[in-house]
Structures are given as structure tokens and as C-alpha cells.
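This is what each chain is made of:
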Amino acid sequence: MHEREMKQLRELYESGVFQKPFYSDRLHGIEDFDSYESFTKIPFMYKQDIRRTKPFERTATPPEEAYGFFSSSGTTGKKTFYLYSKTDKKVHEEFVKTYFTPLGIGPSDIGGVFAPVDTGVMAHTMMWQFTTMGCGYVNCPEPSPRNIIESIQDVPVTLIATRPSVVCSIIGNPEYERIARESSVRMMLMGGGFLTNGRRHLIEKAWGAECYGMFGMSEVFGPMAGECRAQDGYHYLDKYLMVEIVDPVTHGPLGPGEYGVAVYTTLWNKGFPLLRYWTDDYIAVDTSTCRCGSDLPRLRYKGRLADSLNINGSYVFPSMLEECLFTNGYFGEYRAVQGDRIRVILEKTDGFEMSGELKQKIDELFMSDVVIEYVDREQLLYDGHGIRFTKEDR
Ligand SMILES: [Zn+2]
């Protein structure tokens with residue numbers, strides 16, 4: 001099992017990629033990568049391990065090979081920097097071409113990057129993706145509904161890259177929706193979180209454009225997987241990225257199609273190599289041939305484990321509640337709070353009434369009789385970092 005990956009890791013080791021103590025200390029005694037079994041003895045690399053180190057303590061790449069530095073937002077702890085090398089840029093371009101070429105993206109397109117100013121890495125990588133495909137782009141770091149509409153009126157944007165919540169912000173304003181539908185925008189490329197099919201259909205209808213999900217993390221290099229026209233999982237290049245799916249509790253390996261925590265190992269001479277990096281992302285890997293004809297494996301993403309609620313040993317994610325709501329006529333903001341009972345908090349909206357059928361589906365999702373509450377929209381507005389599921393303080 002994983003013979004190809006072990007061979008690649010052995011070659012990387014021999015070329016000195018793991019020479020810094022940050023890696024060699026982990027590899028103590030298992031440097032020969034002789035089997036997947038011995039590989040699994042390498043301890044997981046956690047975010048807090050990275051926070052304790054500086055970028056040049058985690059790389060064999062000399063400063064002259066640096067393309068730039070990514071950083072975490074710092075919203076949940078110390079700001080952390082990652083070296084992004086010139087080699088990474090080339091590998092990144094290969095990933096981008098892999099998932100953008102089948103979508104027919106090319107030089108005749110103009111990209112609109114509507115990533116909010118606090119999502120610096122996302123904005124940069126979205127611009128780089130467009131230049132990789134030979135597209136021009138316009139950057140709008142303050143994507144208020146009005147700024148989005150003015151940008152697409154003034155620039156013949158054909159592709160929009162941002163978070164789902166940003167393109168949804170014009171929905172409900174009939175004038176903005178009309179301008180969006182009559183604009184040259186033909187495709188939405190959504191990143192920065194999960195994309196449910198319910199929200200996809202809402203966006204596609206409001207904008208009159210196709211909507212595709214992208215997936216990534218700044219520790220790898222931002223976007224690293226994307227949907228094809230089958231919209232059935234995120235294709236990625238497994239020759240560069242080894243994805244292990246492990247049980248969140250036992251840490252034992254899970255098979256294809258099973259959901260667990262994704263653990264990444266990068267397989268090229270990366271500026272910041274990942275060696276069994278525990279992502280906290282709840283993911284399944286589908287290795288079957290896709291309806292698009294591609295044999296590249298696909299990631300399916302439910303959300304971050306930290307954002308889920310553990311109910312009777314099962315993990316329930318915000319994406320699951322959103323899918324349930326959005327496919328049953330509710331399209332507003334939502335939260336869930338776990339206390340003695342689960343409270344699902346929705347915004348007060350005209351014209352929506354919870355059907356018995358939807359209430360039953362929500363109860364089934366949370367495996368209990370859920371309390372439904374309604375509050376003003378302002379109390380629920382999603383800032384993109386906010387946590388939709390919380391536990392009650394006791
Ligand atoms: Zn496909």
C-alpha cells in the first residue's frame with residue numbers, strides 16, 4: 001500500500017528536504033520510508049507545532065528560492081507564516097490547470113476576485129489562478145453588494161471567485177439580481193469554506209451562472225482541488241499530495257469513501273513540506289472514475305471538526321443543516337446551539353413557515369426534538385470566520 005508515495009518520500013529525504021530538526025526529529029528511525037506501516041509511526045504534525053516555529057525552521061529552501069510567504073489570519077491564535085517557494089508556484093500552476101482547463105477557463109475570460117480584504121491569501125491565490133489560465137482580472141477587496149454590482153457593470157467580468165456568502169449578498173434585491181443575470185458573468189468559483197448543493201442552486205438561479213466549488217488551505221498553497229462539470233467532489237493531483245483519512249478518535253486509517261480527518265503529506269520539494277499534517281477537516285476520498293471521465297481522486301468535504309457538534313458519537317456539521325434547510329425552502333442565516341436540547345436559530349423572514357416535514361428532517365439530523373427559534377437577521381449575519389454551531393456555556 002502507498003508504495004509510490006513511499007518511494008517519492010524516500011527520494012525527497014535523500015535530497016535533503018527533511019534535513020531541518022522540525023522534520024528530522026519526527027523521522028527519527030523511520031527515514032527509509034520502507035513501508036506505509038512504518039510511515040504511520042511518524043507523529044501527526046499539528047497546527048500548534050507550526051505556530052511554535054518560524055518559516056525558515058521548516059524548510060530546506062534557501063531565501064533566494066522564496067516566491068513569497070503565506071500567513072494564517074491569526075484569528076484563532078498566533079499568526080503563522082509559511083514559505084511559498086518558486087517550485088511551489090510551478091506545482092500550484094499545474095494544480096490550477098488540472099481543475100480549470102476542463103471548465104473551459106481561458107484567456108478570453110476576465111476574472112473578478114471578490115475576496116474580502118481580511119482573506120489575503122485567498123485573494124492572492126485567486127488572482128494567481130486567473131493569471132495561470134491567461135485571464136485578466138479585477139480585484140475588489142471590499143465586496144459590498146453595491147461594489148460587486150458596480151464592478152460587473154463596469155468590467156465585463158465572466159468569472160467570479162470568492163466565498164459563497166459574498167455572491168449571496170445580492171440575493172433578495174430584485175434590481176441587483178436583474179443586473180447580475182444580465183451581466184457577462186458565466187461562472188462562479190467558490191472557495192473559503194463548504195459549498196452545499198442547496199446554496200449552489202440558489203446562486204446559479206440568482207446569477208444565471210454555473211457554480212463550482214474550490215478547496216484548499218494555506219498550509220498547502222491555497223486552492224488545491226476543484227470541482228469538474230459533474231459537480232461531484234473536488235479533483236486533486238495525487239502525484240503531489242498524499243491524503244490519509246483517519247478516524248478522529250482512534251487515529252486508525254479509514255478506507256476510500258469513509259469520512260474522517262484528512263492528514264496531508266506533500267510529495268514534492270515544497271517550501272514548507274507537510275509530513276502527516278492533521279488538518280481537522282472532515283473529508284472522504286473517492287477513488288472511483290468520475291462521470292467527467294477523470295481518474296483523479298476526489299475529495300468530499302463536510303467541514304472542520306472543530307465546527308461540528310458531536311451528537312451521540314456522530315458528527316453533525318453546519319453544511320448538513322444548510323443542505324437540509326436550503327433544499328426545503330429556507331434560504332436565510334442559521335445557527336445551532338447545543339445545550340440540554342439543540343436550538344436551531346433562524347432569521348425572521350416574511351413568507352417562510354417551517355413545515356412539519358422540514359422540522360422532522362432537522363430533528364432526524366440532530367437525533368432529537370430540536371427547539372426552533374427566530375431572531376433578527378443582524379444577530380445571525382455570517383462574517384466568514386464565525387462559527388455556526390456552538391455549545392452552551394454551563
Ligand atoms: Zn470529475
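It should be noted that the structure appears before, not after, this text.
Residues numbered from 1 in each chain as written. Predicted model: local features only at pLDDT ≥ 70, side-chain atom pairs only at ≥ 80, totals over all residues. Heavy atoms only, no water.

K.L.:
Could you clarify how one ought to interpret the overall build of the chain in this entry?
P.N.:
Of regular secondary structure, the chain possesses 12 helices and 19 strands. In summary, the chain has a C-alpha radius of gyration of 22 Å against a globular reference of 21 Å for 394 residues, a match within 12%. Expressed as a percentage of contacts within the chain between residues at least 6 apart in sequence, the contacts between residues at least 24 apart total 64%. Accessible surface computed for the chain: about 17,500 Å², of which carbon and sulfur atoms make up 50%. (Helix = DSSP H or I, 4+ residues; strand = E, 2+ residues; numbered from the N terminus. Rg over C-alpha atoms; globule rule 2.2 N^0.38 Å. Contact = heavy atoms within 4.5 Å. Areas by Shrake-Rupley, 256 points an atom, 1.4 Å probe, with all protein chains shown as cover.)

K.L.:
What should I look at first to understand the packing of aromatic side chains in this one?
P.N.:
The geometry of two aromatic rings is summed up by the distance between their centres and the angle between their planes. One pass over the structure, following the stated rule, counts 28 aromatic pairs. Summarising the aromatic geometry, the rings of Phe 22 and Tyr 23 are spaced 5.1 Å apart at their centres and angled 90° between planes, so their arrangement reads as edge-to-face. Ring geometry for Phe 44 against Tyr 46: centres 6.2 Å apart, planes inclined by 75°, an arrangement best described as edge-to-face. For Phe 44, a relative accessible area of 11% corresponds to the buried category. Ring pairs connect the aromatic residues Phe 18, Phe 22, Tyr 23, Phe 33, Tyr 36 and Phe 39, which therefore count as one cluster. The ring of Phe 272 has Arg 58 lying over it, and the distance from NZ or CZ to the ring centre is 5.0 Å. One cation-aromatic arrangement involves Lys 302 over Tyr 259; the distance from NZ or CZ to the ring centre is 4.2 Å. (Phe/Tyr/Trp six-rings, centres within 6.5 Å; stacked < 30°, edge-to-face > 60°. Buried < 20%, exposed > 50% of the residue type's maximum accessible area, 1.4 Å probe, protein only. Lys NZ or Arg CZ within 6 Å of the ring centre and 35° of its normal.)

K.L.:
I tried to follow the packing of helix H9 (residues 174-182) against helix H10 (residues 197-207) on my own but got confused; where do I start?
P.N.:
The contact between H9 and H10 brings their axes to 7 Å, and the two run at 80°. Between H9 and H10, the angle falls in the class roughly perpendicular. Seen from H9, the contacting residues are Glu 177, Ala 180 and Arg 181; seen from H10, they are Lys 205, Ala 206 and Trp 207. A breakdown of the residues in the contact of H9 with H10 according to their chemical character gives three nonpolar, no polar and three charged. (Axes fitted to C-alpha atoms, helices over the stretch in contact; angles between N-to-C directions. Parallel < 35°, antiparallel > 145°, perpendicular 65-115°, else oblique. Nonpolar A, V, L, I, M, F, W, Y, C, P; charged D, E, K, R; others polar.)

K.L.:
Just to check I follow, could you spell out the coordination of the zinc ion for this structure?
P.N.:
Working reference: metal with six octahedral donors, ideal angles 90 or 180 degrees; metal with four tetrahedral donors, ideal angle 109.5 degrees. Of the protein atoms, only Cys 228 (SG), His 235 (NE2), Cys 290 (SG) and Cys 292 (SG) coordinate the zinc ion, at distances of 2.1 to 2.3 Å. What the four donor atoms of the zinc ion show is an angle range of 104 to 112° at the metal, which sorts the shape as tetrahedral. Here the donor residues for the zinc ion map to a single chain with the spacing C-x6-H-x54-C-x1-C. Here Cys 292 lies in the loop between strand E12 (277-286) and strand E13 (298-304) and Cys 228 lies in the loop between strand E8 (222-227) and strand E9 (234-235), a separation of 64 residues in the sequence. Judged by its relative accessible area of 5%, Cys 228 is buried. The partly exposed category is assigned to Cys 292, whose relative accessible area is 40%. (Donors = N, O, S within 2.8 Å, 3.2 Å for Na, K, Ca; no water. Tetrahedral: all angles 85-135°; square planar, octahedral: opposite > 155°, others 65-115°.)

K.L.:
Help me out: how do you make sense of the pattern of salt bridges in this one?
P.N.:
Close approach of charged atoms allows side chains with opposite charge to pair. Under the criterion given, the structure shown has 32 salt bridges. Close ionic contact of Asp 376 with Lys 348 constitutes a salt bridge, the shortest N to O distance being 3.6 Å. A residue pair is termed long-range when its members are at least 10 positions apart, and Asp 376 in the loop between strand E18 (371-375) and strand E19 (389-391) and Lys 348 in the loop between strand E17 (342-347) and helix H12 (356-366) qualify at 28 residues. With relative accessibility at 39%, the residue Asp 376 sits in the partly exposed group. Within the structure, one salt-bridge network assembled from shared partners comprises Asp 232, Asp 286, Arg 291, Arg 298 and Arg 300. (Salt bridge = Lys/Arg side-chain N within 4 Å of Asp/Glu carboxyl O.)

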